Amino acid sequence: MKTKIFIVIALLATSIQSFGQENKIYYSLSEALANPDQVYRLQLRNQNLSSIPKEVFKFKNLTHLDISENAITQIPGKIKKLKNLTVLSASKNQITSIPKHIGSLTKLETLHLQHNNISSVSDKIGNLRMLKSLNLSYNSISSLPESIKNLTNLRDVVLQSNKLQSFPTGLLYATRITNLSIGNNPIKQIPESISAFILLEELEIKNCELSSLPESIGSLGRLIHIDAANNSIRTIPESIGKLQRLEMLYLQNNNISEFPESFGFLSMLTFLHCNNNQIEIIPELFSNLSHLEVLVIHSNPIHTIDNSFGSLPYLVELHITNTTLTTLPQTFSSLERLRLLYADYSLVLECVTIISETPSLRRIMLSDSEKDTEKIIELKRLLPDISIEQ
């Protein structure tokens, strides 16, 4: 019996030691070379490397390699020797291409090559069928190979700040993607087939050349975050009201003039940024945005806020500078949690009574154009319990 217990304890100790060794991170080649077969994780960040040291390819059990923040210009053919590699991070280097031998790393789950000079991607990238996280942002990639459709295990894809001319439709085969970032590319259209991303939670498409959003966006029922700022979008699709989990929506710097009727169904929406558009009315349907906390809607030709606006129970921050508003609805003082208001001097002065009755309001930020010290002094006199700032 004692012998069996001893064996179990010995096996457990060996297992713990092995686990500890596999999670140990080596930060220098000299230390790693002392016992190369026990090196699983190697980090050589910011070591002024112009190439991957040849010693690295001696670590046959290596699973994690981080060579970021160097001056490496290429991924050499010897990378094929690292058959067990699951994570390769080589961001912030000077790599110009993703070569064909990258396809030999068939166990790779994470490939991060952001902030390089990559302009070409080998079709052998399609061999990385285990890949879950792909970050190629801040490069010069104009297209992805058709073989990208083989990467069906992808979950996290970041392609922002490249030169992509069109949406990479090969990604549509990766139906498990939960985060997709393709902003800051000259993409003119998001295809209706984006509905394939049934598990998508975050969509970043800002700084593109979009004039519309696909109607099929309403079928992405798990979306929590949409950033479509800095485009030329004119209308919000009616189907957006189906996004019952949506919490953050960024639509600033577009050409939107109104909200669809279904917008009021976004009951979980918490942050809404739609400044610098062509919006004229904050409609009654906003009263249904029962979880809205921050509304940034300045720099629009807004002339009317519906009287139901005061029924927003969680609104804590409101930006309405640079509009054509001359008054606020009487229900404004019912915004019990509003603490921060960005507004123009003339509007605050005109509505000083309503504003003074807003129970939690503690701070008003006037627009940058208001530089008159006397006006600020006057507002401070009228609203002594509220901090007035520029």
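Please refer to the structure higher up on the page.
Values in this document were obtained by computation on a predicted structure and should not be read as measured data.

A.B. asks: So what's going on with the overall build of the chain? Residues and values would help.
C.D. replies: Secondary structure assignment for the chain yields 5 helices and 21 strands. Taken over the C-alpha trace, the chain has a radius of gyration of 27 Å; the compact-globule value for 390 residues is 21 Å, which it surpasses by more than 25%. Principal axes of the C-alpha set define a box for the chain whose edges measure 80 × 55 × 50 Å. Within the chain, the proportion of its 390 residues that are buried is 50%. In the chain, the proportion of contacts linking residues at least 24 apart, taken out of those at least 6 apart, comes to 25%. Split by element, the accessible area of the chain, about 18,400 Å² in all, is 48% carbon and sulfur.

A.B. asks: Got a sec to walk through the packing of aromatic side chains? Specific residues and values, please.
C.D. replies: A complete count under the given rule lists 3 aromatic pairs for this structure. An angle of 50° between the planes, with centres 4.9 Å apart, marks the rings of Phe259 and Phe263 as tilted. Of the residues examined, Phe263 reaches a relative accessible area of 0% and is grouped as buried. With 6.0 Å between their ring centres and 20° between their planes, Phe263 and Phe286 make a pair best called stacked. With Phe263 in the loop between strand E13 (248-250) and strand E14 (271-273) and Phe286 in the loop between strand E15 (281-282) and strand E16 (294-296), this residue pair connects regions lying 23 residues apart in the sequence. Ring pairing ties together the aromatic residues Phe259, Phe263 and Phe286, which thus form one cluster.

A.B. asks: Any details on the pairing of strand E20 (residues 363-366)? Residues and values, ideally.
C.D. replies: In terms of strand pairing, strand E19 (residues 340-343) meets E20 through 4 bridges, oriented parallel. Within E20, the position partnered with Tyr342 by the bridge is Met365. The sheet contact formed by E20 and strand E21 (residues 387-389) spans 3 bridges and is parallel. Paired with Arg363 across the two strands is Ser387, which belongs to E21.

A.B. asks: Tell me about the pairing of E19, and name the residues and values.
C.D. replies: In terms of strand pairing, strand E18 (residues 317-319) meets E19 through 3 bridges, oriented parallel. By the bridge assignment, Glu317 is partnered in E19 with Leu340.

A.B. asks: Please give an account of the environment of Leu65 that cites residues and values.
C.D. replies: Position of Leu65 relative to the elements: it lies in strand E3 (residues 64-66). Residues Leu65 and Tyr26, spaced 39 residues apart in sequence, show a C-alpha to C-alpha distance of 9.9 Å. Ignoring sequence-local partners within four residues, the contact set of Leu65 consists of Leu42, Val56, Leu82, Leu85, Val87, Leu88 and Ser89.

A.B. asks: Explain a positive patch on the surface to me, using residue names and the numbers behind them.
C.D. replies: A grouping of Lys54, Lys58, Lys78 and Lys81 is seen on the molecular surface, where their side chains present a positively charged patch. As for its position among the elements, Lys58 is in the loop between strand E2 (41-43) and E3.

A.B. asks: Got a sec to walk through the pattern of salt bridges? Specific residues and values, please.
C.D. replies: Tallied over the full model, the rule gives 7 salt bridges. Here Arg45 ties to Asp66 by a salt bridge, and the two come within 2.8 Å at their closest N and O atoms. Highlighted residues: Arg45 in the loop between E2 and E3 and Asp66 in strand E3, separated in sequence by 21 residues. Residue class for Asp66 comes out buried when judged on its relative accessible area of 14%. When the shortest N-O distance is used, the salt bridge between Glu378 and Arg381 registers 2.9 Å. A residue pair is termed a helical-turn pair when its members lie 3 or 4 positions apart in one helix, as Glu378 and Arg381 do in helix H5 (residues 373-382) at 3 residues. Each of Arg45, Asp66 and Glu69 takes part in a single network of salt bridges with overlapping partners.

A.B. asks: Can you tell me about the state of the cysteines, naming the residues and giving the values?
C.D. replies: One way to say it: the disulfide is the covalent bond shared by the sulfur atoms of two cysteines. Throughout the structure, instances matching the rule amount to 0 disulfides. Here Cys208 is not disulfide-linked; the sulfur of Cys274 is the nearest cysteine sulfur, at 19 Å.

A.B. asks: Quick one: what's the story with the side chain of Gln252, residue by residue and with numbers?
C.D. replies: Tracing the chain through its elements places Gln252 in the loop between E13 and E14. The exposure class assigned to Gln252 is buried, which follows from its relative accessible area of 17%. In this view, Gln252 contacts Ala229, Asn230, His273, Cys274, Asn275 and Asn277; residues no more than four positions away in its chain are not counted.

A.B. asks: Please provide a residue-by-residue account of the environment of Leu88, values included.
C.D. replies: Inspection of the secondary structure assignment puts Leu88 in strand E4 (residues 87-89). Sequence-wise, Leu88 and Pro301 are 213 residues apart; in three dimensions their C-alpha atoms are separated by 49 Å. In this structure Leu88 touches Leu65, Ile102, Leu105, Leu108, Thr110, Leu111 and His112, once residues within four positions along its chain are discounted.

A.B. asks: Got a sec to walk through the side chain of Thr321? Specific residues and values, please.
C.D. replies: Take Thr321: it is sitting in the loop between E18 and E19. Every residue in contact with Thr321, bar those within four places of it in the chain, is listed here: His298, Ser299, Tyr342, Ala343, Asp344, Met365 and Ser367.

The rules we used
- Residues numbered from 1 in each chain as written.
- Predicted model: local features only at pLDDT ≥ 70, side-chain atom pairs only at ≥ 80, totals over all residues.
- Heavy atoms only, no water.
- Helix = DSSP H or I, 4+ residues; strand = E, 2+ residues; numbered from the N terminus.
- Rg over C-alpha atoms; globule rule 2.2 N^0.38 Å.
- Buried < 20%, exposed > 50% of the residue type's maximum accessible area, 1.4 Å probe, protein only.
- Contact = heavy atoms within 4.5 Å.
- Areas by Shrake-Rupley, 256 points an atom, 1.4 Å probe, with all protein chains shown as cover.
- Phe/Tyr/Trp six-rings, centres within 6.5 Å; stacked < 30°, edge-to-face > 60°.
- Pairing = 2+ DSSP bridges.
- Patch = residues over 30% accessible without salt bridge, like charges linked within 9 Å, V, L, I, M, F, W, Y side chains within 5 Å.
- Salt bridge = Lys/Arg side-chain N within 4 Å of Asp/Glu carboxyl O.
- Lys, Arg positive; Asp, Glu negative; His and termini not counted.
- Charge placed at Lys NZ, Arg CZ, Asp CG, Glu CD.
- Disulfide = S-S within 2.5 Å.

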